[in-house]
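Chain residues, written in single-letter form:
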Amino acid sequence: MRGRALLLVLVLLAPLAAGTVQGQRPEHPVQDAWPGEPIDNHVHMTWAALTLEVNGWADDHPDIVDLMDVGDSELGRTLWVVRLSDWSMDTKPNGSAKEIVYIDGGHHGNEYLGTALAYLTAKFYINEWAAGNQEAIDVLQHTELHILIMLNPDGNDIDTRWNINQVDLNRNYDHYWNTCPTTQPGSSAFSESETMHNSDYMNAYVTDADLYVTMHTGVWIMLYPWGKWADQPPDWELFWGIREDVHATVSDIPIQNANQGLYPNCGTSRDYGYGVMGFPTFTFETDDEQFVPGSFESLHDRLAEELDVMRFLINNVWYWRARLDVNALDVSRDAVTLDVTNHGYASTTNASLEYRLADGSVAWASALFNVNATTSKTVELPFDGSRLVSGGSWNLNYQKRVIDASTWVNESIPTEAIDETGADAGDAMPVGAAPLLVVSLLAAVVAEGQNRRKNGNTEAHED
Ligand SMILES: [Zn+2]
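Residue numbers here run from 1 along each chain, matching the order of that chain's written sequence. In view of the model being predicted, local features appear only for residues whose pLDDT reaches at least 70, and side-chain atom pairs are presented and counted only at 80 or more, with totals across whole chains, interfaces and linings using the full set of residues. With hydrogens and water set aside, each side-chain value is computed from the structure's full complement of heavy atoms.

Glancing now at the overall build of the chain. Secondary structure summary: the chain contains 14 helices and 17 strands in total. Whether a residue is buried, partly exposed or exposed follows from its accessible area with a 1.4 Å probe, protein chains only, as a fraction of its type maximum: under 20%, in between, or over 50%, in that order. When burial is assessed residue by residue, the chain has 51% of its 463 residues classed as buried. Here, residues are in contact when the closest pair of their heavy atoms is within 4.5 Å. In the chain, 73% of the contacts between residues at least 6 apart in sequence involve partners at least 24 apart. Using a 1.4 Å probe, accessible areas were evaluated by the Shrake-Rupley method; residue-level cover was limited to the displayed protein chains. For the chain, the computed accessible surface area is about 20,200 Å², with 52% contributed by carbon and sulfur atoms. Helix and strand labels come from DSSP, where a helix needs a run of H or I of at least four residues and a strand needs a run of E of at least two; each type is numbered from the N terminus.

In structure tokens:
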């Protein structure tokens, strides 16, 4: 109690001592002291201590911390999601949508170092935002971090892998549930309130996440899908690309397919996150030790390298999908030629080009084409140039990743990239002018009389 009271006094005095605007405390000693209570002086962070902490964060930093109660554990303990972003802005400074990252910890109640990494990740961004650190400011202006620190508070309290019903929560998800040799997967998929609330949250709030990390401990390794199968996942390029970058710049932590890196496992949150939600998903096994560390080494030091890996994954989340950028779109009388770059680390296999009328309806869609990760390519697609109308526009439609479950993107192609002058045989006349009108009228003649009359009037009016 005394420690906590002292901390409270320090928190209250800090802004006075600094004497500066909030968010600018350059020499604040917070970085040396962190993480501080409740995890420095306890062998084990209880659910009660966590509850005090996360509510304290929300009270002290309403500008960046949005705390959400997302349901109860089987014994009625609140599952907290800490939502971190610069909540003064709904979008990035340039107006585009923020990237979304989902993190959970503590599926297994006796894997304290995994829970602690989820906690440290949240605390890092809160501390550093308050200290005016540019990396934290950039991340929170461009990203939403949703962190469910302790998914299994009942198991955490009694220091056991299982939840209170003796179910292994990380075998209880609705993805090939109970189809591997496994123990205690529950009576059915999502039979446990903890997993049900976790999947409900994913489906309600973070469907468009471009990163999901679920934190455990026991073997120092990061596992990507699948646990169910030995095969590489459809987005192997993405996972391999991330591995290459992590190894080149941050850490030599092993990164492997879960089935081969660990053992076959089914109904995990990782396979669900990827196979059902379409997220790039990692199980982060933080340490060779599974249980509470019996040393005086601070968790901050113990998990420093793991936190660096998390910062890398979060800083670069923009790349963890296919991200197509149209360099040029040339329309001729019988084709469109698309010059496109994929800046992302994931391939897309079902992109298509759309031509839309002024009312937004899709008048034409191309055949599907693929664009590999981190490449540029030119795609030529047959197109009838006479279909151009005034007010028409071009869109690109594609999936963010190869996995079936990944979300779709439909983006308009900027007009400055589009050249439609080739569609009317080099004539300088604008779209919808005479040559096109002739083609339209000829087409209309084929149609029944009533329509012909109507089309003719419409086209004539356009000019
Ligand atoms: Zn675990």
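Additional details are given in the paragraphs that follow.
Before going further, it helps to spend a moment on the sheet that holds strand β10 (residues 335-342). An order of β14-β10-β9-β17 is seen for the 4 strands of this open sheet, with the pairing classed as mixed. In this open sheet, the two strands that pair with only one neighbour each are β14 (376-382) and β17 (418-419). At least two DSSP bridges between two strands are required for those strands to pair. Pairing geometry for strand β9 (residues 324-331) and β17, over 2 bridges, is parallel. Note on β17: the bridge partner recorded for aspartate 330 is aspartate 419.

Attention now moves to the side chain of glutamate 194. By the element assignment, glutamate 194 lies in helix α7 (residues 193-205). When residues no more than four places from it in sequence are discounted, the contact partners of glutamate 194 are Ser73, Glu74, Leu79, Leu151, Asp154, Asn163 and Leu169.

Below, the discussion takes up the nonpolar core. Counting residues in each nonpolar core, the largest one holds 63 residues, and the members touching the most others are Leu84, Ile149 and Leu313. Among the elements that take part in this core, helix α4 (residues 112-130) stands out by supplying 12 residues, more than any other. When residues no more than four places from it in sequence are discounted, the contact partners of leucine 84 are Ile64, Val65, Ala122, Tyr125, Ile126, Leu140, Thr143, Glu144, Leu145 and Ile147. Val336, Trp364, Phe369 and Leu381 belong to the second largest nonpolar core, which has 25 residues in total. The definition of a nonpolar core used throughout is a set of buried Ala, Val, Leu, Ile, Met, Phe, Trp, Tyr and Cys residues joined through side-chain atoms within 4.5 Å.

Attention now moves to the packing of aromatic side chains. The criterion for an aromatic pair is that two Phe, Tyr or Trp rings (for Trp, the six-membered ring) have centres within 6.5 Å, with stacked assigned to planes under 30 degrees apart, edge-to-face to planes over 60 apart and tilted to the rest. Under the definition given, this model contains 25 aromatic pairs. Summarising the aromatic geometry, the rings of tryptophan 57 and tyrosine 119 are spaced 5.3 Å apart at their centres and angled 45° between planes, so their arrangement reads as tilted. Taken together, the residues span a long stretch of sequence, with tryptophan 57 in helix α3 (residues 47-60) and tyrosine 119 in helix α4 at a distance of 62 residues. Take tryptophan 57: its relative accessible area is 6%, and that puts it in the buried class. On the basis of relative accessible area, tyrosine 119 is assigned to the buried category, the value being 0%. Here tyrosine 176 and tryptophan 229 contribute two aromatic rings whose centre-to-centre distance is 4.8 Å and whose plane-to-plane angle is 75°, an arrangement assigned as edge-to-face. Taken together, the residues tyrosine 176 in the loop between α6 (153-157) and α7 and tryptophan 229 in the loop between β6 (221-224) and α8 (236-249) connect sequence positions 53 residues apart.

Octahedral metals with six donors have ideal donor angles of 90 or 180 degrees. Tetrahedral metals with four donors have an ideal donor angle of 109.5 degrees. Only nitrogen, oxygen and sulfur atoms qualify as donors, provided they sit within 2.8 Å of the metal or within 3.2 Å for Na, K and Ca; with water excluded from the atoms, sites may seem incomplete. The coordination sphere of the zinc ion contains the protein donors His108 (ND1), Glu111 (OE), Glu111 (OE) and His216 (ND1), at a distance range of 2.0 to 2.4 Å. Coordination at the zinc ion comes from 4 donor atoms whose angles at the metal span 58 to 155°, giving a geometry best classed as irregular. Mapping the donors of the zinc ion onto the primary sequence yields the spacing H-x2-E-x104-H. On the criterion of sequence distance, the pair formed by glutamate 111 in the loop between β3 (99-105) and α4 and histidine 216 in strand β5 (residues 211-216) is long-range, its members being 105 residues apart. Every angle between 85 and 135 degrees makes a four-donor site tetrahedral, while opposite donors more than 155 degrees apart, with all other angles between 65 and 115, make a four-donor site square planar and a six-donor site octahedral; other sites are irregular.

Throughout, the protein atoms alone are placed on a 1 Å grid, and a set of points is a cavity if a 1.4 Å probe fits but cannot get out or a pocket if it is open with protein on both sides within 12 Å along at least five of seven lines; lining residues have an atom within 4 Å of a point. Grid points are joined across faces, edges and corners, and a volume is the space filled by probe spheres set on the points. Each pocket or cavity is described by its volume, and for the second largest pocket that value is around 560 Å³. What lines the second largest pocket is a set of 31 residues, among which Lys92, Ala97, Glu99, Trp318 and Arg323 lie closest to the centre. Those elements that provide at least two residues to the lining of the second largest pocket are β3, α5 (134-142), α12 (304-315), β9 and β16 (408-412).

With 19 residues, α4 extends 27 Å between its outermost C-alpha atoms, agreeing within 8% with the 27 Å of an ideal straight helix rising 1.5 Å per residue. For α4, the buried fraction is high: 19 of the 19 residues fall into the buried class. Looking at the residues trailing α4, positive phi occurs at glycine 132, about 80°. The span one expects for a helix is its residue count, reduced by one, times 1.5 Å.

Once that is clear, we can look at the confidence of the model for the chain. For the chain, per-residue confidence averages 85 on the pLDDT scale, and residues scoring 70 or more make up 80% of the total. Known as pLDDT, the predictor's per-residue confidence is scaled from 0 to 100. Ignoring residues within four places in sequence, the model shows residues 1-32, a span with pLDDT below 50, making 21 contacts including any to other chains. Confidence drops under a pLDDT of 50 for residues 426-463, and excluding neighbours within four residues, the segment shows 28 contacts in the predicted structure.

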